[in-house]
Amino acid sequence: MNAVFNAVHMETTHEPVSPLVAQGLAHCYEGSNALNGVDLTIAPGSVLGLIGRNGAGKSTLIRAMLGLLQPISGTAFVFGEPALKLSDDTKSRIAYVPQQPDALAWLTAQQMLDFVGRFYPRWDSAFAKSTLERWKIQPNRLLAKLSPGERQRVDLIRALASQPELLVLDEPAAALDPVARRELLRELALRAGEAGTTVLFSTHIVSDLERVASEVAFLHEGKILLRCGVDDTKERYARLWLPAKISAAAPSQSLSRRRNEDGSLSLIVARDANGQWPEASTLPGARIDALGLEDLFVEIAE
Amino acid sequence: MNAATLVMVPLRATVSSTRWITMLVLSLMLVISVALQLTQTLPKTALIGAVIAGYGEFFVGLLFVAPFLLMAIDTRQLRIPRSQSTIVLGMMLYSALWIAVPSIALALAGADFVTVLTIQTVGLLFGLTFGLLPRVFLIVAGFSPSFLGLVHIQLHYPGKPTVLLLWLVASVLALISALCWRRQVRSIDPYGEGFNKPLVLRSRTGNRTGFMNWNDWTTMSGNSRQIRSQPQWMLAIANLRDTGPQNPVRSLRVGLGGWMLPKTWQSASRQWMLVLAPIILMMGLVYLRAPGITPALFHAIAFSAVVWIAGFGSMVLSLTTIVLLQQRWSRTNAELPFLALLPRLSDRREVKKYLLRASLLPTLFWQALLIALLVATLFVKQASALDLAIAALAEIVAVAFTPAFAFAIFGGRPPAQWVTGLVAGVSFALVGCGTAASSILDISRTYGAIMAVSIIAIWFALLAFLIGLGLRGWRGLQARPHPFLAN
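Read on for a plain summary of the structure.

Rules and cut-offs
Residues numbered from 1 in each chain as written. Chains lettered and ligands numbered in written order. Predicted model: local features only at pLDDT ≥ 70, side-chain atom pairs only at ≥ 80, totals over all residues. Heavy atoms only, no water. Helix = DSSP H or I, 4+ residues; strand = E, 2+ residues; numbered from the N terminus. Buried < 20%, exposed > 50% of the residue type's maximum accessible area, 1.4 Å probe, protein only. Contact = heavy atoms within 4.5 Å. Buried area = accessible area lost by both parts, 1.4 Å probe. Salt bridge = Lys/Arg side-chain N within 4 Å of Asp/Glu carboxyl O. Polar contact = N/O pair within 3.5 Å; in protein donor to acceptor, adjacent residues only side chain to side chain. Nonpolar A, V, L, I, M, F, W, Y, C, P; charged D, E, K, R; others polar. Pairing = 2+ DSSP bridges. Axes fitted to C-alpha atoms, helices over the stretch in contact; angles between N-to-C directions. Phe/Tyr/Trp six-rings, centres within 6.5 Å; stacked < 30°, edge-to-face > 60°. Lys NZ or Arg CZ within 6 Å of the ring centre and 35° of its normal. Patch = residues over 30% accessible without salt bridge, like charges linked within 9 Å, V, L, I, M, F, W, Y side chains within 5 Å. Areas by Shrake-Rupley, 256 points an atom, 1.4 Å probe, with all protein chains shown as cover. Lys, Arg positive; Asp, Glu negative; His and termini not counted. Charge placed at Lys NZ, Arg CZ, Asp CG, Glu CD. Parallel < 35°, antiparallel > 145°, perpendicular 65-115°, else oblique. Expected span 1.5 Å × (residues − 1). Right-handed = clockwise from strand over helix to strand, strands pointing away. 1 Å grid on protein atoms, 1.4 Å probe; cavity = no way out; pocket = protein on both sides within 12 Å on 5 of 7 lines; lining within 4 Å. Points joined across faces, edges and corners; volume = space filled by probe spheres on them. Core = buried A, V, L, I, M, F, W, Y, C linked by side-chain atoms within 4.5 Å.

### Some remarks on the overall build of chain A
From N to C terminus, chain A includes 10 helices and 14 strands. When each of the 302 residues of chain A is scored for burial, the buried share is 56%. Relative to all contacts within chain A whose residues are 6 or more apart in sequence, the contacts with residues 24 or more apart total 67%.

In structure tokens, the structure reads:
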């Protein structure tokens, strides 16, 4: 099957434009800002994990980037085309799985895959059939009657069987058990590594990011707070702890800042262009702590 | 339990929009009744006024009183002490108030208080029973006014129903309501849905409380929960033949689902049987009661009964379609992203045209059939100009409903939910006022000029609203880059 992917990928030679670009996306719901001028570009072949707390704007950002909502300002492009005016060619190159998918509940899993397959030129029906069997989903059962996890898996099969060049998944593992989650991540890594599929996925589960993402973007209150390679986070970011008596020397630039009960200060800081930590870290009593991805996320999001 | 708790019960059992809609519908009925009472001097006027107000009481029973059951279920599940008696007493108190106020108003306008009170009680209890009975009874209940009219005419019922008989009917309805209430409250799975569960339970999903929150109606059409609640034999089986890029309209119908879904003939036959079975059953009943009159049955169907069936049917068709579209265009994780990103569905400009065809044509087709039935009846019965005008207006408004709301929904400019609920409520009330009452009492000739002008004026106002809504939606649809954007 991988050979098929590669062959298809080589056949469809497109200009190396960014699969997804967001420029100044802003949106709000009933007066509260969901997106605050988000800029984001995803390189071809990369796997970007979008992480953020509930209500951070992850789903809104994904939907705006795919042209599924009209943002108040800003633009998004998919393979160089305006997201709100996608051509058939571009649509056939992308696949999207929403959070808790609930589409076409009146069809059986088999009917849904048959129906959708008619629209995609590179539909891999053999993959759809074998994966349904492997994941033990009854093909003749109505989608409405499947459990949320099964439903999510059927939608993932739908997305993967279309052999997309860009795969966008909104909380894909939320309803999956650990085994199915591991299988999904393996499939994503395979697609990205061997077929060069670009993947954008949002998640709360930091270990999933570490397992499969090449890059991570932290979305907080509608803004991308930081974006870096998953392997770089430990090197680039750290917690700077300053005791109360020297807290006035804290750097003005930091990703987060928290005053502790004893008056000491905890900040998330990044290395500068020369690879140096802020000057305050060299002061007597100051301390730099390396952070794992999860700690970094918690420190920033708190 | 104290007086304050008792008074607060409806505030906790219903949402404010429901209370407002109920009050508006009843007020409208009451104003019509009082106006009739004050302007007409015909012998039947008092009775007609009482029946119209009673029709309003039906909505009170259905929209305001029946939802008390939801609260009773919740409080029982939460094991809140003494809650059941408080809810039942609150329900009785407010029912008495809802009945007393219109009765006194009509009595002051000159009607006989006891008759009016009796009719209001029956009306309210009909609504309550309607809400508490298992949903399967809905199919039969939809035809009941015509059926009653038919039986009344054909079986030569001796005279008007007496007050005593009506109180007997009220007692039976109260007993049925009590049994349904008890059965549901004590059920092992009181929240489960299905055709054997009360209608009022349909409003539970996402409901803050109460019945007829429009948002709840829009979430119930064709979603997973609704499908799961149906028995296997009733589920629609999709027919995917001829779907795909070569047939975008049929493919869009698969994407929209609900009653627009192309079905296998076996599945379609089963669903048709559900509609036809009650009619056949009613005919059978009439035949059993009076075999001699059956050949003349179709000739005897009153003009107003056909008008009512056509008006009610068209309105239900429109409302079903609107509810389905509202629901589809409100969910961001379902059909909209799927359709928006589906390649080769059609050209970006063409897709709007195909979407309109897929969503409007099935409804308009069946409405056209109902209009044909109406026109045929008009010729046979040689209806008066006034009856003709009211019937035609009801049909025109019912037909205009679907495109107006479809444009508004696709164009991203749907009206507020309470407006939709209000317009639908008023339309149903007008259909009932204009035709259902006449089917029972044969009052069409007694419409005074004021009554007729009032009904026609309200129909025209509704039509103007729909035209405005449709134009606004059409402009919105033209401005949208594609129609699959959630509202």
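Next comes the rest of the description.
### So, the interface of chain B and chain A
Chain B puts 39 residues into the contact, and the matching count from chain A is 35 residues. Buried area between chain B and chain A, both sides added, is near 3300 Å², and the carbon and sulfur share of it is 63%. Considering only the surface of chain B that becomes buried against chain A, B:Asn333, B:Leu341 and B:Pro343 emerge as the three largest contributors, covering 19% of it. One can count one salt bridge joining chain B with chain A. A salt bridge links B:Arg331 to A:Asp102, with the shortest nitrogen-to-oxygen separation between them at 2.4 Å. One can count 14 residue pairs in polar contact (both at pLDDT 80 or more) joining chain B with chain A. The set of elements that each furnish at least two residues to the side of chain B that touches chain A consists of helix H11 (224–229), helix H12 (248–256) and helix H16 (335–340) of chain B. Across the side of chain B that touches chain A, the residue classes break down as 20 nonpolar, 13 polar and six charged.

### Section: the sheet that holds strand E8 (residues 198–203) of chain A
Residues and elements named next belong to chain A. The strand order across the open sheet formed by six strands is E6-E7-E8-E3-E9-E10, and the pairing between neighbours is mixed. The two strands at the open ends of the sheet, each matched to only one other strand, are strand E6 (94–97) and strand E10 (223–229). Going from strand to strand, the sheet's axes swing by 15 degrees on average, the running direction of each strand aside. The pairing of strand E9 (residues 215–220) with E10 spans six bridges and is antiparallel. Within E10, the position partnered with Leu 219 by the bridge is Ile 224. Set on the sheet, helix H10 (residues 293–301) makes contact with strand E3 (47–51), E9 and E10; between it and E9 the angle comes to about 20 degrees.

### Observations concerning the packing of aromatic side chains
In this description, a pair of aromatic rings is defined by centroid distance and the angle of the planes. The tally for this structure, following the rule as stated, stands at 16 aromatic pairs over all chains. Three or more aromatic residues joined by ring pairs form one cluster here, namely B:Tyr55, B:Phe58, B:Phe59 and B:Phe130. Positioned above the aromatic ring of A:Phe127 is the side chain of A:Arg191, whose terminal nitrogen or guanidinium carbon lies 4.9 Å from the ring centre. When the ring centre of B:Tyr354 is taken as reference, the NZ or CZ atom of B:Lys353 above it lies at 6.0 Å.

### Details of a positive patch on the surface
On the surface, a cluster of positive charge is contributed by B:Arg76, B:Arg79, B:Arg182 and B:Arg186. Summarising the element assignment, B:Arg79 is placed in the loop between helix H4 (68–77) and helix H5 (83–108).

### Looking at the environment of A:Leu167
All names here are of chain A. Looking at the element boundaries, Leu 167 is found in strand E7 (residues 166–170). Note on Leu 167: relative accessible area 1%, which makes it buried. Leave out the neighbours within four places in its chain, and Leu 167 touches Ala 95, Ala 159, Leu 160, Leu 188, Thr 197, Thr 198, Val 199 and Leu 200.

### Digging into the packing of H4(B) against H5(B)
Residue and element names in this part refer to chain B. The geometry of H4 relative to H5 is characterised by a closest axis approach of 9 Å and an angle of 170 degrees between their N-to-C directions. What the angle tells us is that H4 and H5 run roughly antiparallel. Residues Phe 68, Met 71, Ala 72, Thr 75 and Arg 76 of H4 form the contact with H5, whose participating residues are Ser 83, Gln 84, Ile 87, Gly 90 and Met 91.

### What to know about helix H6 (residues 113–132) of chain B
Its 20 residues give H6(B) an end-to-end C-alpha distance of 28 Å, which sits within 8% of 28 Å, the value for a rise of 1.5 Å per residue. Buried residues dominate H6(B), accounting for 14 of its 20 residues.

### Section: unusual backbone geometry
Notably, A:Phe79 is not glycine yet its phi reads approximately 50 degrees, a positive angle. Within the element layout of this structure, A:Phe79 appears in the loop between strand E4 (73–78) and strand E5 (81–82).

### Comments concerning the pairing of E7(A)
Residue and element names in this part refer to chain A. By the criterion of burial, E7 is predominantly enclosed, with five of the five residues buried. Here E7 shows no split at all, with Leu 166, Val 168 and Asp 170 on one side and Leu 167 and Leu 169 on the other all buried. With four bridges joining them, E6 and E7 adopt parallel strand pairing. Bridge pairing links Ala 95 to Leu 167 in E7. With respect to chirality, the unit in which E7 leads through helix H7 (residues 178–195) into the neighbouring parallel E8 is right-handed.

### So, the layout of surface pockets
Put simply, the second largest pocket is a space of about 490 Å³. In terms of lining residues, the second largest pocket is bounded by 13 residues, among which A:His27, A:Tyr29, A:Arg63, B:Ala486 and B:Asn487 are the most central. Listing elements by their share of the lining of the second largest pocket, those giving two or more residues are strand E1 (20–29) and helix H2 (58–65) of chain A. With three residues, the top contributor of residues to the lining of the second largest pocket is E1(A). Per-class residue counts for the lining of the second largest pocket are five nonpolar, five polar and three charged.

### Side note on the environment of A:Leu113
Residue and element names in this part refer to chain A. Position of Leu 113 relative to the elements: it lies in helix H4 (residues 109–117). Residues Leu 113 and Arg 158, spaced 45 residues apart in sequence, show a C-alpha to C-alpha distance of 6.2 Å. Ignoring anything within four residues of it in the chain, the contact list for Leu 113 reads Trp 123, Ala 128, Leu 132, Val 154, Ile 157 and Arg 158.

### Things to note about the pattern of salt bridges
Residue and element names in this part refer to chain A. All chains considered together, the criterion is met by 17 salt bridges over all chains. Across the salt bridge formed by Arg 122 and Glu 165, the nearest N and O atoms sit 3.7 Å from each other. Of the two residues, Arg 122 sits in the loop between H4 and helix H5 (125–134) while Glu 165 sits in the loop between helix H6 (148–161) and E7, which places them 43 residues apart along the sequence. Each member of the pair, Arg 122 together with Glu 165, is buried. A salt bridge links Lys 129 to Glu 133, with the nearest nitrogen and oxygen atoms 3.8 Å apart. Of this pair, Lys 129 and Glu 133 both sit in helix H5, four residues apart, roughly one helical turn. Comparing Lys 129 with Glu 133 shows no difference in burial state: the two are exposed. Shared partners join several salt bridges into a network, and the residues in it are Arg 239, Arg 258, Arg 287, Asp 289 and Glu 299.

### A look at the nonpolar core
Residues and elements named next belong to chain B. Trp 459 and Phe 484 are the most contacted members of the largest nonpolar core, which has 146 residues in total. Counting residues per element, this core draws most heavily on helix H18 (residues 385–410), at 13 residues. Ignoring sequence-local partners within four residues, the contact set of Phe 484 consists of Leu 252, Trp 329, Leu 336, Leu 339, Ala 340, Leu 345, Val 351 and Leu 355. If you look at the next biggest cluster of nonpolar residues, it comprises 39 residues, including Phe 68, Ile 99, Val 116 and Leu 173.

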